[in-house]
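# Structural description and commentary
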Amino acid sequence: MQALLGPVLDALGAGFLQIMGLIGLNTDLMQRYGLRFLGGVWVTIELVVLSVGIGMLLAWPLAIARVEGGKVLSRLAFGYSYFFRGTPLLAQTFLVYYGAGQFREELTALGLWWFFREAFYCAVLTFTLNTAAYQSEILRGAIQTLPAGQMEAAKSLGLSKLKAYWTVIMPQAAGIGLRPLGNELILMIKSSAIASVITVYDLMGVTRLAFSRSYDMEVYLWAAVLYLMMVEIVRRVWNVLERRLNRHLLVSR
Amino acid sequence: MLEAFQLLSFGPGGWGGVIASGALLTIELALATLPFGFAIGLAVALSKDSSYRTVRWLSVVYTTVFRGLPELLTLFIVYYGGQLLLSRIASAFVPGSNVEVNQFVAGVVALGLVLGAFSSEVFYAAIRSVPRGQREAAAALGLSRGRVFRLVVLPQIWRVALPGLSNNWMVLLKDTSLVSVIAIADLMRQTSLAVGATKQPFLFYLVACLIYLVFSAASSAVFSRMEERASRGFKRVGGH
């Protein structure tokens, strides 16, 4: 398989470079760094998918705690989201990555040092905590726009609160929050560039590396195009997704 | 605990002064960017309704690009790109000359471009919220297009745009932290200096976070006062 694919890929790569050369881009530079850029894109995708995905798992309990939790729980959830939404992601990332270094002995004793030693894991952790705060705010708003009758009806049918949330409230809230959640995903793609500051070789990190070696501004142009493509793809997919999932809410025009 | 207070004090051996100077620069940077970014935002919002197709198209491209690019990338492009471009222009006049772009200016330009893109959406929605009839009435009274905008539309969009603009300001305040990467001595950069010297990253970065939090809280207090004031003519039933 490898032997068969190799020449095909080589031919494709050569063809791609030729086209890029035709539109006036630096093919030498692209030959040298092109594959690294693809690797960078992949790391960026990993960062975003992991943190937004795990962040969503955290965001639901946080949002429900805001709505249903008593004084203590709802205030704790509010404090959490207030902290993460009120401070810059860069500061949070430094706090986790460099801050963990200060507690190296304790973390080693707990068997967690392998995690905090890696910049990538620290970035994922910070981004997860950050996006969980924003997503919980979106979901809380969505839950609160649902009429109280939804919960009352579910209860009168004999559903437990948990079951009512799982089958009645959460699906509807997810639909209402779909658009802002898509915006949050796009914001996260952009914010993930911050990982490059703590030595993660995501798309931004690879770009900075390539620029520091070549001093060719063109690499920033590639990065810009790649980021714009990612954002645009998510935007379009989200439009389709929203039309499809919220088709019961569509108004005829 | 006592050691922590000593490190944060303003006296000798304390980093309070350094961090305060950084905090001040962060505020200065954000305030310097504000008028620049809002001016771009308003101009772009207006050109979205332009009668020239090219102008409309350019304004859409502008918002798409600067809303889609990571702020960090915009900053690098402005900073390094500006340096290269200005050097090239300068060496055309004086061969071999090299231009250093002032980091603060690069920061203001980059953040202003991003703020302009985001605030243009807010301004655009606000301009559209003014009923057409008002413009037509003003035109019927013989006001020129410029005066219609300045005397009729502009005073009304403030109230509608304010919540969106306050959001833009909050984002800007946090985005200023990125300029520390191009060595501007802002709050983040000064905190990193203190960390380098004291080896107390957790303490200092936590303090930096708390300072940002205070800035956010103070701004949201100011903005809710402004919103209250701006909508005092629009009291609703049950409002207070």
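Residues numbered from 1 in each chain as written. Chains lettered and ligands numbered in written order. Predicted model: local features only at pLDDT ≥ 70, side-chain atom pairs only at ≥ 80, totals over all residues. Heavy atoms only, no water.

By the naming in an unreviewed UniProt entry, chain B is ABC transporter permease, taken from Ancylobacter crimeensis. The record held by UniProt for chain B lists under Sequence similarities (unreviewed entry) the comment "Belongs to the binding-protein-dependent transport system permease family. HisMQ subfamily." (UniProt positions renumbered as here; feature names shortened; annotations may be inferred.)

Going by an unreviewed UniProt entry, chain A carries the name ABC transporter permease and comes from Ancylobacter crimeensis.

## Let's talk about the overall build of chain B
Across its full length, chain B holds 9 helices and 0 strands. Order of helices (α) and strands (β) in chain B, N terminus to C terminus: α-α-α-α-α-α-α-α-α. On C-alpha atoms alone, chain B measures out to a radius of gyration of 22 Å, which is more than a quarter above the 18 Å that the 2.2 N^0.38 rule sets for 240 residues. With respect to the three principal axes, the spread of C-alpha positions in chain B is 70 × 65 × 25 Å. Buried residues in chain B amount to 45% of all 240 residues. In chain B, the proportion of contacts linking residues at least 24 apart, taken out of those at least 6 apart, comes to 72%. Placing the 20 positive and 11 negative side-chain charges of chain B at their respective mean positions leaves the two points 12 Å apart. (Helix = DSSP H or I, 4+ residues; strand = E, 2+ residues; numbered from the N terminus. Rg over C-alpha atoms; globule rule 2.2 N^0.38 Å. Buried < 20%, exposed > 50% of the residue type's maximum accessible area, 1.4 Å probe, protein only. Contact = heavy atoms within 4.5 Å. Lys, Arg positive; Asp, Glu negative; His and termini not counted. Charge placed at Lys NZ, Arg CZ, Asp CG, Glu CD.)

## Looking at the UniProt feature "domain: ABC transmembrane type-1" (unreviewed entry) in chain A
Summarizing the sequence annotation, UniProt attributes the feature "domain: ABC transmembrane type-1" (unreviewed entry) to residues 41-238 of chain A in the numbering used throughout. Taken as a whole, residues 41-238 of chain A contains 85% helix and 0% strand, while its terminal C-alpha atoms sit 20 Å from one another.

## Quick notes on the side chain of Thr128 of chain A
Residues and elements named next belong to chain A. Relative to the helices and strands, Thr128 resides in helix H7 (residues 119-145). Judged by its relative accessible area of 5%, Thr128 is buried. Side-chain polar atoms of Thr128 contact the backbone oxygen of Val124, separated by 2.6 Å. Non-local contacts of Thr128, meaning those with residues more than four positions away in its chain, are made with Leu50, Ser51, Ile54, Gly55 and Leu58. (Polar contact = N/O pair within 3.5 Å; in protein donor to acceptor, adjacent residues only side chain to side chain.)

## Regarding the packing of aromatic side chains
In the structure shown here, the tally under the stated rule is 23 aromatic pairs over all chains. Summarising the aromatic geometry, the rings of Phe37 of chain A and Trp222 of chain A are spaced 5.1 Å apart at their centres and angled 70° between planes, so their arrangement reads as edge-to-face. Placement of the pair is Phe37 of chain A in helix H2 (residues 27-68) and Trp222 of chain A in helix H12 (residues 218-245), with a sequence separation of 185 residues. Per residue, the accessibility class of Phe37 of chain A equals that of Trp222 of chain A, and both read buried. Three or more aromatic residues link up through ring pairs in this structure, and these residues are Phe211, Tyr215 and Tyr220 of chain A together with Phe76, Tyr79 and Tyr80 of chain B. Across from the ring centre of Tyr124 of chain B, 5.6 Å away, lies the NZ or CZ of Lys48 of chain B, which sits over that ring. (Phe/Tyr/Trp six-rings, centres within 6.5 Å; stacked < 30°, edge-to-face > 60°. Lys NZ or Arg CZ within 6 Å of the ring centre and 35° of its normal.)

## Quick word on the confidence of the model for chain A
Averaged over every residue, the pLDDT of chain A is 89; the share at 70 or more is 96%. Mean pLDDT across the elements of chain A bottoms out in helix H1 (residues 2-22) of chain A (74) and peaks in H7 of chain A (95). (pLDDT = per-residue confidence, 0-100.)

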